[in-house]
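# Descriptive structure summary
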Amino acid sequence: MERPEAEPLSASGSCQAGEAEAEAGSGPAAEEPGGRAAGTMMEDCLSKKIEITVSEAEKRTGRNAMNMQEIYTAYLIETRAVESQTEGQCSPPDSLWRRYSEFELLRNYLLVNYPHIVVPPLPEKRAEFVWHKLSADNMDPDFVERRRIGLENFLIRVASHPIICQDKIFYSFLTQEGGWKEMVNETGFQLKAESRLKALNATFRVKNPDKRFTELKHYSDELQSVISHLLRVRARVADRLYGVYKVHGNYGRVFSEWSAIEKEMGDGLQSAGHHMDVYAASIDDILEEEEHYADQLKEYLFYAEALRAVCRKHELIQYDLEMAAQDLASKKQQCEELATGTLRTFSLKGMTSKLFGQESPEQREGKIKVLEEQIHDGEEQLKSKNVEGREFVKSAWADIERFKEQKNHDLKEALINYAVMQISMCKKGIQVWTNAKECFSKM
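The rules we used
Numbers given to residues run from 1 along each chain, matching the order in which its sequence is written. This being a predicted model, a pLDDT of at least 70 is required before a residue's local features are given, and a value of 80 or more before pairs of side-chain atoms are given or counted; all residues contribute to the totals for chains, interfaces and linings. Remark: hydrogens and water are excluded; side-chain values derive from all non-hydrogen atoms of the structure. Runs of H or I in DSSP of at least four residues are treated as helices and runs of E of at least two as strands, each being numbered from the N terminus. The buried label applies to any residue whose accessible area, calculated with a 1.4 Å probe on protein chains only, is under 20% of its type's maximum; exposed applies above 50%, and partly exposed to all values in between. Two residues form a contact once any of their heavy atoms are found within 4.5 Å. In short, Shrake-Rupley with a 1.4 Å probe defines the accessible areas, and a residue's cover is counted only from the protein chains shown. Strands qualify as paired when DSSP identifies two bridges or more between them. Inter-axis angles, ranging from 0 to 180 degrees, are taken between N-to-C directions of lines fitted to C-alpha atoms, where helices are fitted over the stretch in contact. Aromatic rings from Phe, Tyr and Trp, taking only the six-membered ring of Trp, are treated as a pair when their centres fall within 6.5 Å; an angle between ring planes under 30 degrees marks them as stacked, one over 60 as edge-to-face, and anything in between as tilted. A ring is considered to have a charge above it if a Lys NZ or an Arg CZ atom is located within 6 Å of its centre and within 35 degrees of its normal. Here a salt bridge means any side-chain nitrogen of Lys or Arg lying within 4 Å of a carboxyl oxygen belonging to Asp or Glu. Residues grouped as a nonpolar core are buried Ala, Val, Leu, Ile, Met, Phe, Trp, Tyr and Cys residues, joined through side-chain atoms within 4.5 Å. Confidence of the predictor at the level of single residues is captured by pLDDT, which takes values from 0 to 100. The length a helix should cover is 1.5 Å for every residue beyond the first. What the arc measures is the spread of directions leading from the helix axis to the C-beta atoms. For this text, the term disulfide refers to a pair of cysteine sulfurs within 2.5 Å. By the criterion applied in these results, polar contacts are pairs of N or O atoms within 3.5 Å in which, for protein atoms, one can donate a hydrogen and the other can accept it, and in which residues neighboring in sequence qualify only through two side-chain atoms.

## Some details on the overall build of the chain
Counting its secondary structure elements, the chain contains 13 helices and three strands. Buried positions account for 41% of the 443 residues belonging to the chain. Pairs at least 24 apart in sequence give 78% of the contacts found in the chain among residues at least 6 apart. Carbon and sulfur atoms provide 53% of the accessible area of the chain, an area that totals close to 24500 Å².

See below:
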């Protein structure tokens, strides 16, 4: 699953456009807001202070924004201080209910306010890549249970992140049931969200894209493609495996019927048929358990989009930087042309001047003064954007490195567990036929 990726350059290697006109100072030290180093913040992770569980799911009926009746699932979030458990105090946990849409609102808020973070994904809202015997209904109890586990994992991921775990809105999500949606909407995060059109425009119009982010974007596409294909293959294998197991039930039925007409062989055939029936019935629980491993892969299927979100934000920053540099260069050229009275390039304004007469010295001086002020503002803006770009790259790559370490560990563990489960299933099949062989030998 791992793919070679470009080693990060120094932060100043990104956002190069316009630095010739306005070179910015070096970015801040590798510390997050508040001036605390990453190691200290890791110790302060919320997950080390409170235990978070999504303990149960409940189907409810309510009214939506259109005042129409709807059925939805609510999830019970429980939090308990870790200190009270270590000291032997078994205090009851604080609890509140949240809908899936509220989890979505929380994640959208985090995406907008922490664009340099690979924000953990939510579990799927509707089942995808399932084998055909498994229900894809989002109200199916088995699916709701898997989504409950996924939502708990999402909260633990956020609470374990050294930066976003300290967000006040996230903490309120865990502890304040009433008024939370109003609180997050009052932050105005929706106004900060970049439009899809602007993001698409930046993708195609950036002249000097950062090679590292370009490669990361391609990698996220490939990761998503590989995991999607793996999940499809797994679903096909599960379908065939389901068929093989269920066919063993036919062995059980045939052996049972055969035993009724055989006196000497009847007991052995009956016992062998019993083993086949048990084997056939076990597949439902096995494949339900397998969905847990599929969900672990799906998490990284959705993480691929989180990686692309970071890349898109970098493209927007780079695009704004290049536009600022281009505007600054244009104003400098206009100022030079007014000062020298020569036109370096064809312009409608130049042709108008030739047709209708030259500007007076006072008019020209006034325009030059305005342009000089705009150039000064443009240079300051360009410096600011250069600093913003370098800070984003530095913060983003630090989080991407953290994510890569997490990804390698998680996918390795998931694939090993999946292989162990397959080995266990094969051993169970061997044991069934070994038992059947012993039954036949005693006939």
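There's more to say after this.
## What to know about the sheet that holds strand E3 (residues 94–99)
The antiparallel open sheet is built from three strands, whose spatial order is E1-E2-E3. Every interior strand has two partners, whereas the edge strands, strand E1 (50–63) and E3, have only one. On average, adjacent strands in this sheet sit at an angle of 25 degrees to one another, irrespective of strand direction. Here six bridges tie strand E2 (residues 69–81) to E3, and the two strands are oriented antiparallel to one another. The residue bridging Ile-77 from the neighbouring strand is Leu-96, located in E3. Each of E2 and E3 touches helix H3 (residues 100–113); the most contacted strand, E3, lies at about 90 degrees to it. Sitting on the sheet, helix H5 (residues 168–175) is in contact with E1, E2 and E3, with an inclination near 105 degrees to E3.

## Here we look at the pairing of E2
Every other side chain in a regular strand lies on the same face of the sheet, so the side chains alternate between the two faces. By the bridge criterion, 13 bridges tie E1 to E2 in an arrangement that is antiparallel. Among the inter-strand pairings, Thr-53 is bridged to a residue of E2, identified as Glu-78.

## A closer look at the packing of aromatic side chains
Applying the stated criterion to the full structure yields 13 aromatic pairs. When the centroid spacing of 5.1 Å and the interplanar angle of 75 degrees are considered together, the rings of Phe-103 and Phe-173 count as edge-to-face. A residue pair is termed long-range when its members are at least 10 positions apart, and Phe-103 in helix H3 and Phe-173 in helix H5 qualify at 70 residues. Members of the aromatic cluster, each reached through a chain of ring pairs, are Phe-103, Phe-154, Phe-173 and Trp-180. The ring centre of Trp-97 lies 4.5 Å from the NZ or CZ of Arg-60, which sits over that ring. The aromatic ring of Phe-173 is capped on one face by Arg-98, whose charged end is 4.8 Å from the ring centroid.

## A look at the pattern of salt bridges
A complete count under the given rule lists 25 salt bridges for this structure. Across the pair Asp-295 and Arg-146 runs a salt bridge, and its minimum N-O distance is 3.2 Å. In this pair, Asp-295 sits in helix H11 (residues 283–340) while Arg-146 sits in helix H4 (residues 141–160), placing the two residues 149 residues apart along the sequence. Take Asp-295: its relative accessible area is 22%, and that puts it in the partly exposed class. The class of Arg-146 is buried, set by a relative accessible area of 9%. Several salt bridges share partner residues, and in doing so they unite Asp-221, Glu-305, Arg-308 and Arg-312 into one network.

## What to know about the nonpolar core
Core analysis: the largest hydrophobic core is formed by 34 residues, its most contacted members being Ile-77, Leu-155 and Leu-174. Those elements that provide at least two residues to this core are E1, E2, H3, H4, H5 and helix H6 (180–186). Once residues lying within four places of it in the same chain are set aside, the contact partners of Ile-77 are Ile-52, Thr-53, Val-54, Asp-94, Ser-95, Leu-96, Arg-98, Phe-103, Leu-155, Phe-173 and Leu-174.

## Describing the confidence of the model for the chain
When pLDDT drops low, the exact placement of atoms in the prediction is not to be read closely. Of all residues in the chain, 81% attain a pLDDT of 70 or more, and the chain-wide mean is 82. Here residues 1–40 is modelled with pLDDT under 50, and outside its nearest four sequence neighbours on either side it reaches 85 contacts, counting other chains as well.

## What about helix H10 (residues 266–281)?
In this model, H10 (16 residues) spans 23 Å end to end at C-alpha, consistent with the 22 Å of a helix rising 1.5 Å per residue. Buried within H10 are the following residues: Gly-266, Gly-268, Leu-269, Ala-272, Gly-273, Met-276, Tyr-279 and Ala-280. What you see down the axis of H10 is that its buried residues fit within an arc of 160 degrees, all on one side.

## Notes on the state of the cysteines
Taken as a whole, this structure holds zero disulfides when the rule is applied. Here Cys-165 stays free of any disulfide, with the sulfur of Cys-45 as its closest cysteine sulfur at 4.3 Å. Classification of Cys-165 as buried rests on a relative accessible area of 4%.

## Some points on H5
A turn of α-helix holds 3.6 residues, and therefore any two residues three or four places apart point the same way. Where H5 is concerned, the buried positions are Ile-169, Phe-170, Ser-172, Phe-173 and Leu-174. Turning to H5, the residues buried within the fold contact E1, E2, E3, H3, H4 and H6. Where H5 begins, one side-chain oxygen reaches toward the backbone nitrogen of Ile-169, 2.8 Å away; that side chain belongs to Asp-167.

## A few points about the side chain of Gln-406
In this structure, Gln-406 sits in helix H13 (residues 361–441). Relative accessible area serves as the criterion here: at 15%, Gln-406 is assigned to the buried category. In terms of polar contacts, Gln-406 uses its side chain to reach the side chain of Tyr-300, at 2.9 Å. Setting aside anything within four residues of it in sequence, one finds Gln-406 in contact with Arg-157, Tyr-300 and Tyr-303.

## Some details on the environment of Tyr-100
In this structure, Tyr-100 sits in helix H3. Residue classification places Tyr-100 among the buried residues on the basis of a relative accessible area of 7%. For the pair formed by Tyr-100 and Ala-74, sequence separation is 26 residues and the distance between their alpha carbons is 7.1 Å. With residues up to four places along the chain from it excluded, the contact list for Tyr-100 reads Thr-73, Leu-122, Pro-123, Glu-124, Lys-125, Arg-147 and Leu-151.

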